Amino acid sequence: YQDLHTFELQAPTRLIEWGRGNRVCVAGYGQSGGNEILQLLPPPTLQVKETQGLCPERDFKVECGGFSNRPVYSLKYVPDTSLLVTSGPPDSSLQVWQVSAEDSDVIKSVSAIPTGNGAGQPWAKMATISARAPWVLHGSRLDSVQITEVESRRKVYMAASGNSEELSGVAFLDCNTLLLCCAEGRLCLADVRQPQSPLEAASVPSALCGERWCMGVGRGPEGSDSSSRPVARLSSGGHLTLTDVRKTSESLASARCRVPSPSSGAEFLCVSWAPALEGCLAVSGFDGTVHLYDTRSWDGSGREAEPIFVHKGHALGGRDGGGSPPLVTAHTWHPQKPRTLLSAASDGSLHVWDWVQSCGKC
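Looking at an unreviewed UniProt entry, one finds the protein named WDR73 protein and attributed to Lophotis ruficrista.

As structure tokens, then:
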């Protein structure tokens with residue numbers, strides 16, 4: 001490691017989200033209620049552009065927080081506002097939160113965005129943008145995808161689809177174009193300007209059907225537009241498929257992760273592209289580790305890929321509340337530091353780490 005910081009949370013956290021001023025927001029996912037939502041100030045060494053040697057303060061600090069009476073399975077900052085949006089069981093509605101001003105340490109609930117779906121529907125997957133106004137893209141199934149203006153709760157867009165497949169992820173490619181990923185692995189493009197156009201999903205290879213999938217959308221080459229962004233899909237069987245949003249029906253490359261065993265589900269599966277390292281992505285959700293891969297040499301063979309680095313800190317940290325080995329529940333890349341990641345686990349541990357750069361790799 002180049003650097004490693006650890007922080008122990010009161011309860012297991014499912015997600016990590018970067019916000020204003022490089023603040024970090026985490027939230028709990030317990031079913032019993034009273035789940036914390038915390039905004040953390042990172043250690044000073046993560047707030048400077050250059051490494052400046054030893055720093056006396058190496059811990060995160062809690063700036064403000066609140067409590068949710070339902071599990072938080074997804075959390076997004078709303079750009080250019082002081083609002084957060086969360087979702088979680090038992091239905092697909094959204095909760096809107098206000099991050100208080102500097103003179104207060106409270107994150108308070110301010111409103112809810114109902115969806116019309118009854119209880120028992122899957123929780124909503126979300127993405128946010130502030131291109132025209134603060135919008136949230138959300139939906140639990142392909143036929144329930146919509147965009148809502150966060151502050152007024154006005155419905156901006158509703159997708160046209162007769163397909164009720166469960167969603168595993170949604171993303172804004174720009175203010176007009178959406179990318180949706182079904183739990184069965186199919187990708188679907190939608191255009192806000194054409195709300196009546198039916199959604200058509202591109203399928204995954206038949207050999208991989210039956211697995212559950214998630215997606216990660218990367219940035220395109222510098223100077224390119226949103227139509228040339230890479231997409232990685234990760235399955236519960238450990239398979240990775242890379243595509244380009246310009247032709248979602250074709251696979252550019254594929255590989256298999258080095259995981260101890262296929263996941264029984266996809267609850268914590270996470271794949272993400274490094275924002276500033278070409279072809280580098282991170283994978284987690286199978287055990288207590290985070291694997292990093294350099295995809296630039298991948299082909300279409302689907303053979304097992306060799307990770308360039310494996311973060312094992314959570315796995316070595318002990319047991320979670322149920323006596324089981326910790327499971328990594330989320331990871332994310334630092335928005336400015338190319339090789340710095342944050343990861344959280346089911347034992348309440350939060351790690352920030354920067355691996356030593358190997359010659360010729362990432």
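1. Thoughts on the overall build of the protein
Helix and strand counts for the protein stand at 0 helices and 28 strands. Per-residue burial for the protein yields a buried fraction of 54% across its 362 residues. Counted over contacts in the protein with a minimum sequence separation of 6, partners at least 24 positions apart contribute 51%. As displayed, the protein offers around 16,100 Å² of accessible surface, 47% of which is attributable to carbon and sulfur atoms.

2. A word on the sheet that holds strand β12 (residues 146-149)
Reading across from one edge, β10-β11-β12-β13 is the order of the 4 strands in this open sheet, with antiparallel pairing throughout. Since the sheet does not close on itself, it has two edges, and those belong to β10 (125-129) and β13 (155-158), each with one partner. Neighbour-to-neighbour, the strand axes of this sheet turn through a mean angle of 20 degrees, independent of strand direction. When β12 meets β13, the two strands line up antiparallel, connected through 3 bridges. Directly across from Q146, in β13, lies its bridge partner M158.

3. Things to note about the nonpolar core
Core analysis: the biggest nonpolar cluster contains 20 residues, and L137, I147, Y157, F172, L178, L180 and L199 have the highest contact counts within it. Those elements that provide at least two residues to this core are β10, β11 (135-139), β14 (167-172), β15 (177-182) and β16 (187-191). Discounting chain neighbours no more than four positions away, the residues touching L178 are L137, I147, Y157, A171, F172, C188, L189, A190 and V192. C214, A232, A253 and L269 belong to the second largest nonpolar core, which has 17 residues in total.

4. Comments concerning the sheet that holds strand β21 (residues 253-256)
Strand order in the open sheet made by the 4 strands is β18-β19-β20-β21, with antiparallel pairing throughout. Each edge of the open sheet carries a strand with a single partner, namely β18 (213-217) and β21. Neighbouring strand axes in the sheet, compared pairwise and without regard to direction, differ in orientation by 20 degrees on average. The sheet contact formed by strand β19 (residues 230-235) and strand β20 (residues 239-244) spans 5 bridges and is antiparallel. Of the residues in β20, the one forming a bridge with L234 is L240.

5. A closer look at the pairing of strand β6 (residues 74-77)
As judged from the 4 bridges shared by β6 and strand β7 (residues 83-87), these two strands associate in the antiparallel manner. Within the sheet, the bridge partner assigned to L75 lies in β7 and is T86.

6. Here's the deal with unusual backbone geometry
Cis geometry marks the peptide bond from P89 to P90, where omega comes out at 15 degrees. Even without being glycine, D80 reaches a positive phi, approximately 65 degrees. As for its placement among the helices and strands, D80 is situated in the loop between β6 and β7. At R153, a residue that is not glycine, the phi angle is positive and equals roughly 60 degrees. Assignment of secondary structure puts R153 in the loop between β12 and β13. Residue classification places R153 among the partly exposed positions, given a relative accessible area of 48%.

7. Considering the packing of aromatic side chains
Going through the model one piece at a time under the given rule, you end up with 7 aromatic pairs. For the ring pair F309 and W355, a centre distance of 6.2 Å and an interplane angle of 25 degrees mean the geometry is stacked. Here W355 lies in the segment after β28 (349-354) and F309 lies in strand β25 (residues 309-311), a separation of 46 residues in the sequence. Accessibility assignment for this pair places F309 and W355 in one class, buried. Among the aromatic residues, ring-to-ring pairing joins F309, W333, W353 and W355 into one connected group. Here the guanidinium or amino end of K125 rests over the ring plane of W123, the centre of that ring lying 4.1 Å away. Above the face of the W355 ring, R339 is positioned so that its terminal group lies 5.9 Å from the ring centre.

8. Describing the side chain of R229
Position of R229 among the secondary structure elements: in the loop between β18 and β19. Although R229 lies buried, it forms no salt bridge, and the closest oppositely charged side chain, D174, sits 7.2 Å away as judged by the N-O distance. From its side chain, R229 meets the backbone oxygen of L173 in a polar contact 3.0 Å long. Apart from residues lying up to four places away in sequence, R229 is in contact with F172, L173, V217, G218, R219, G220, T243, D244 and V245.

9. Some words on the environment of P114
Turning to its location among the elements, P114 is positioned in the loop between β9 (107-113) and β10. Separated by 23 residues in the primary sequence, P114 and D91 have C-alpha atoms spaced 9.4 Å apart.

10. Structural notes on the environment of V217
Within the secondary structure, V217 is located in strand β18. Measuring from C-alpha to C-alpha, the distance between V217 and V271 comes to 8.8 Å, with 54 residues separating the pair along the chain. Beyond its immediate stretch of four places on either side in the chain, V217 contacts A171, L173, L179, R229, P230 and W273.

11. Details of the environment of V26
By the secondary structure assignment, V26 is in strand β3 (residues 24-28). Note: C-alpha distance between V26 and L350 (324 residues apart in sequence) is 9.4 Å. In contact with V26, not counting residues within four places along its chain, are L9, T13, L15, E36, I37, L38 and L40.

Scoring rules and cut-offs
- Residues numbered from 1 in each chain as written.
- Predicted model: local features only at pLDDT ≥ 70, side-chain atom pairs only at ≥ 80, totals over all residues.
- Heavy atoms only, no water.
- Helix = DSSP H or I, 4+ residues; strand = E, 2+ residues; numbered from the N terminus.
- Buried < 20%, exposed > 50% of the residue type's maximum accessible area, 1.4 Å probe, protein only.
- Contact = heavy atoms within 4.5 Å.
- Areas by Shrake-Rupley, 256 points an atom, 1.4 Å probe, with all protein chains shown as cover.
- Pairing = 2+ DSSP bridges.
- Axes fitted to C-alpha atoms, helices over the stretch in contact; angles between N-to-C directions.
- Core = buried A, V, L, I, M, F, W, Y, C linked by side-chain atoms within 4.5 Å.
- Phe/Tyr/Trp six-rings, centres within 6.5 Å; stacked < 30°, edge-to-face > 60°.
- Lys NZ or Arg CZ within 6 Å of the ring centre and 35° of its normal.
- Lys, Arg positive; Asp, Glu negative; His and termini not counted.
- Salt bridge = Lys/Arg side-chain N within 4 Å of Asp/Glu carboxyl O.
- Polar contact = N/O pair within 3.5 Å; in protein donor to acceptor, adjacent residues only side chain to side chain.

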